[in-house]
Amino acid sequence: MQCFKHTDVAAVGLCKSCYKAVCKSCAIELEHGLACSEECEIDVDEYNQMNERAKKIYGIGNRKSKIPSTGVILWLLLSSVMWVLFLAPFIMKGKLVYANLALAALFTVIAGIAYYSSKRTGLQC
Ligand SMILES: [Zn+2]
Ligand SMILES: [Zn+2]
């Protein structure tokens, strides 16, 4: 591979903007690659800035998806209420209320499913 300007000189890399081969004396070294001219240097700079901005936006989106949806919180609240309704008579009177236990377990499972599905849709974004 030869430099696009100096056909007798071996190229050291490609311009990150126009993909022309450049030799050592033509190449402008940048943070994330090479440029063949000042114009291309500006292009690569803009490209890098856009990349950084995109990464930041992606980062915010990531953080958002980690917060469980209101549906998950609702089911978790319902299940914790049912657990209290089941455990309170058991601790105080030694009475087992199977209906409350069944509902508490059911709501916990639903909360788990809701959390799992919200996590999956979050990843798809
Ligand atoms: Zn270039
Ligand atoms: Zn050159």
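Residues numbered from 1 in each chain as written. Chains lettered and ligands numbered in written order. Predicted model: local features only at pLDDT ≥ 70, side-chain atom pairs only at ≥ 80, totals over all residues.

**With respect to the overall build of the chain**
Put simply, the test is: Numbering of helices and strands starts at the N terminus; helices are DSSP runs of H or I of at least 4 residues and strands are runs of E of at least 2. Put plainly, a residue is buried at 20 or more neighbouring C-beta atoms within 10 Å of its own, exposed at 12 or fewer, and partly exposed in between, counting only other residues' C-beta atoms, which are placed from the backbone. Whether two residues are in contact depends on their C-beta atoms, placed from the backbone: they are in contact if these lie within 7 Å.
Of the regular secondary structure elements, the chain holds 3 helices and 4 strands. For the chain, the α and β elements follow one another from N to C terminus as β-β-β-β-α-α-α. Residues counted as buried form 17% of the 125 residues belonging to the chain. Across the chain, the fraction of contacts at a sequence separation of at least 24, relative to all contacts at a separation of at least 6, is 27%.

**A word on unusual backbone geometry**
Positive phi is not limited to glycine here, since Tyr 19 has a value of about 60°. Within the fold, Tyr 19 resides in the loop between strand E1 (13–14) and strand E2 (21–22). The class for Tyr 19 is exposed, based on 10 C-beta atoms found within 10 Å.

**Observations regarding the confidence of the model for the chain**
In low-pLDDT segments, the atomic positions of the prediction should not be examined closely. Heads up, the rule is: As a per-residue measure, pLDDT tells how confident the predictor is, with possible values from 0 to 100.
When pLDDT is averaged along the chain, the result is 87; 88% of the residues meet or exceed 70. The weakest mean pLDDT in the chain belongs to helix H1 (residues 38–66) at 79; the strongest belongs to E2 at 95.

**What to know about helix H2 (residues 70–93)**
Short version of the rule: The span you would expect from a helix comes to 1.5 Å times its residue count less one.
With 24 residues, H2 should cover 34 Å at 1.5 Å per step; its first-to-last C-alpha distance of 35 Å lies within 8% of that length. Of the residues making up H2, those classed as buried are Val 72, Trp 75, Ser 79, Met 82 and Phe 86. Gly 94, located one to two residues past H2, shows a positive phi value of around 70°.

**Digging into the environment of Val 84**
Tracing the sequence through the fold places Val 84 in helix H2. Considered as a pair, Val 84 and Ala 104 are 20 residues apart in the sequence and their alpha carbons are 8.8 Å apart.

**Describing the nonpolar core**
Going by this rule: The nonpolar core is taken to be a set of buried Ala, Val, Leu, Ile, Met, Phe, Trp, Tyr and Cys residues joined by way of C-beta atoms within 7 Å.
Within the largest apolar cluster, 12 residues are counted, these being Cys 3, Ala 11, Cys 15, Ala 21, Val 22, Cys 23, Cys 26, Leu 34, Ala 35, Cys 36, Cys 40 and Val 44. Counting residues in hydrophobic clusters, the runner-up holds 7 residues, among them Val 72, Trp 75, Phe 86 and Phe 107.

**Considering the environment of Glu 38**
Position of Glu 38 relative to the elements: it lies in helix H1. Distance in space between the C-alpha atoms of Glu 38 and Ile 28 is 8.0 Å, their sequence separation being 10 residues.

**Focus: the environment of Leu 87**
Looking at where Leu 87 falls in the secondary structure, it is placed in helix H2. A residue is classified by how many C-beta atoms lie within 10 Å of it, and Leu 87, with 14 of them, is partly exposed. Between the C-alpha atom of Leu 87 and that of Leu 101, which follows or precedes it by 14 residues, the distance is 8.5 Å.

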